Amino acid sequence: DTGVSQDPRHKITKRGQNVTFRCDPISEHNRLYWYRQTLGQGPEFLTYFQNEAQLEKSRLLSDRFSAERPKGSFSTLEIQRTEQGDSAMYLCASSSADEQFFGPGTRLTVL
Amino acid sequence: AQSVAQPEDQVNVAEGNPLTVKCTYSVSGNPYLFWYVQYPNRGLQFLLKYITGDNLVKGSYGFEAEFNKSQTSFHLKKPSALVSDSALYFCAVREWPYTGGFKTIFGAGTRLFVKA
């Protein structure tokens, strides 16, 4: 399968713990995006990479969130000191043109 | 700032009838417009896009969308609905020229239910 993959698919954690998600984009895509989606809402933009450079970060993203794309290939999204409000589906997408290709998402539940 | 509105939470249509899912947008510059579909337990899939040119764009699975600049709308349409079209549909917009990157704003989604 050459689509976007995300790991893990599900994560349950206790409030205050740190979590890290991984995204593997389509190999030839130089752009990578992270979104958050809650029930009944559309994807909410979090951050965007062009190759290894993080070019934009949403103002809604607190300092507890950090993302990296060290070699311009896979990316990680880390959430420190998780809160119950962080519970959501975290989506990764990649693109080489205008349309984006989405992964299946990581569903985070913070207890 | 960019924004997208999908005024209908749900659209119900009978199989074989035409369907329309509405979308309006707001941007400062020019819009790049997209429709994506989300099936249960599957990731979002790209359907179609408008960048420039012909106001009527055709996409996957027989869907099309009409760009109307004066009404700032980009409604999704299909001449004959199928039960398998039942899914969650998202309209999205990106603004250009845009020097900050490729930030895309999504609407809240419209659930399409096609009845046999």
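Counting of residues starts from 1 at the beginning of each chain's written sequence and follows it residue by residue. By the order in which they are written, chains take letters starting at A while ligands take numbers starting at 1. Residues qualify for local features only when their pLDDT is at least 70, as the model is predicted, and side-chain atom pairs are given and counted only at 80 or more; totals for whole chains, interfaces and linings, by contrast, use all residues. Only hydrogens and water are set aside; all other atoms, that is, all heavy atoms of the structure, feed into the side-chain values.

**Q** Explain the side chain of Thr47 of chain A to me, using residue names and the numbers behind them.
**A** Residue and element names in this part refer to chain A. Only DSSP runs of H or I with at least four residues qualify as helices, and only runs of E with at least two residues qualify as strands; both kinds are numbered from the N terminus onward. Inspection of the secondary structure assignment puts Thr47 in strand E5 (residues 44-50). Looking at Thr47, the relative accessible area reads 1%, which means it is buried. At 2.7 Å, the side chain of Thr47 and the backbone oxygen of Glu56 are in polar contact. Other than its neighbours up to four places away in sequence, Thr47 contacts Leu32, Tyr33, Trp34, Gln54, Glu56, Lys57 and Ala67. Buried residues are those whose accessible area, probed at 1.4 Å on protein chains only, stays under 20% of the maximum for their type, while exposed residues exceed 50% and partly exposed ones sit between those limits. Any pair of N or O atoms that falls within 3.5 Å is considered a polar contact. Within protein, one atom must be able to donate a hydrogen and the other to accept it, and sequence-neighbouring residues count only if both atoms are side-chain atoms. Here, two residues are considered to be in contact whenever any of their heavy atoms come within 4.5 Å of each other.

**Q** Quick one: what's the story with the interface of chain B and chain A, residue by residue and with numbers?
**A** Listed as interface residues are 20 residues of chain B and, on the opposing side, 19 residues of chain A. Buried area: the sum, over both parts, of the accessible surface (1.4 Å probe) that disappears when the two are put together. Summing both partners gives a buried area of about 1,600 Å² for chain B against chain A, and 52% of it is carried by carbon and sulfur. Its largest share of buried area at the contact with chain A, chain B owes to Leu44, Phe102 and Phe106 of chain B, together 32% of the area lost on that side. Here, a salt bridge means any side-chain nitrogen of Lys or Arg that lies within 4 Å of a carboxyl oxygen of Asp or Glu. For the interface between chain B and chain A, the tally reads three salt bridges. Note that Asp98 of chain A is salt-bridged to Lys49 of chain B, the shortest N-O span being 3.5 Å. Summed over the shared surface of chain B and chain A, the result is five residue pairs in polar contact (both at pLDDT 80 or more).

**Q** Quick one: what's the story with the packing of aromatic side chains, residue by residue and with numbers?
**A** Side-chain rings of Phe, Tyr and Trp, where Trp is taken by its six-membered ring, are said to pair if the distance between their centres is within 6.5 Å; with planes under 30 degrees apart they count as stacked, over 60 as edge-to-face, and otherwise as tilted. Counting across every chain of the model gives 16 aromatic pairs over all chains. Geometrically, the ring pair formed by Phe21 of chain A and Tyr90 of chain A is tilted, given 5.5 Å between the ring centres and 45° between the ring planes. Here the residue Phe21 of chain A occupies a position in strand E3 (residues 19-24), and Tyr90 of chain A occupies one in strand E9 (residues 88-95), the gap between them amounting to 69 residues. According to the relative accessible area criterion, Tyr90 of chain A is buried, its value standing at 0%. A centroid spacing of 6.2 Å and a plane angle of 25° characterise the contact between Tyr25 of chain B and Phe67 of chain B, whose relative ring orientation is stacked. Here the residue Tyr25 of chain B occupies a position in strand E4 (residues 24-26), and Phe67 of chain B occupies one in strand E8 (residues 64-68), the gap between them amounting to 42 residues. What links up through ring pairs into an aromatic cluster is the set Tyr33, Tyr35, Phe45, Tyr48 and Phe102 of chain A together with Phe34, Tyr36, Phe46 and Phe106 of chain B. For a ring to carry a charge above it, either NZ of a lysine or CZ of an arginine must fall within 6 Å of the ring centroid while also lying within 35 degrees of the normal to the ring plane. One cation-aromatic arrangement involves Arg22 of chain A over Phe74 of chain A; the distance from NZ or CZ to the ring centre is 3.9 Å.

**Q** Can you tell me about the pattern of salt bridges, naming the residues and giving the values?
**A** One pass over the structure, following the stated rule, counts 10 salt bridges over all chains. Look at the salt bridges and you will find they share partners, linking Asp98 and Glu99 of chain A together with Lys49 and Arg94 of chain B into a network.

**Q** Quick one: what's the story with the pairing of strand E4 (residues 31-37) of chain A, residue by residue and with numbers?
**A** All names here are of chain A. Across the seven residues that make up E4, a large majority, seven, are buried. Side chains Arg31, Tyr33, Tyr35 and Gln37 of E4 all project onto a buried face; the interleaved residues Leu32, Trp34 and Arg36 project onto the opposite face, where all are buried too. Of the strand pairs in this sheet, E4 and E5 are connected by six bridges, and their pairing is antiparallel. Within E5, the position partnered with Trp34 by the bridge is Thr47. Here E4 hands over to E5 after six residues, with Gly40 in that stretch at a positive phi of 85°. With seven bridges joining them, E4 and E9 adopt antiparallel strand pairing. Paired with Tyr35 across the bridge in E9 is Leu91. Being paired, for any two strands, means DSSP has found at least two bridges between them.

**Q** Describe the state of the cysteines, and please don't skip the residues or the numbers.
**A** Residues and elements named next belong to chain B. For this text, the term disulfide refers to a pair of cysteine sulfurs within 2.5 Å. The full count for this structure, using the stated rule, is two disulfides over all chains. Here Cys23 pairs with Cys91 through a disulfide, and the sulfurs are 2.0 Å apart. With the S-S bond torsion at -65°, the cross-link from Cys23 to Cys91 turns out left-handed. Here Cys23, found in the loop between strand E3 (19-21) and E4, pairs with Cys91, found in strand E10 (residues 87-96); they are 68 residues apart in sequence, far enough to count as distant.

**Q** I'd love a proper account of the nonpolar core, names of residues and values included.
**A** Buried Ala, Val, Leu, Ile, Met, Phe, Trp, Tyr and Cys residues form a nonpolar core when they are joined through side-chain atoms within 4.5 Å. In this structure, Trp35, Leu47, Leu48, Phe74, Leu76 and Tyr89 of chain B are the most contacted members of the largest nonpolar core, which totals 29 residues. Mapped by element, the contributors of at least two residues to this core are strand E2 (10-14), E3, strand E5 (30-38), strand E6 (44-50), E8, strand E9 (73-78), E10 and strand E12 (110-115) of chain B. Per-element accounting of this core gives the leading share, four residues, to E10 of chain B. Leave out the neighbours within four places in its chain, and Tyr89 of chain B touches Gln6, Trp35, Tyr36, Val37, Leu47, Phe63, Leu76, Gly109, Thr110 and Leu112 of chain B. Leu61, Phe65, Ala67 and Tyr90 of chain A belong to the second largest nonpolar core, which has 19 residues in total.

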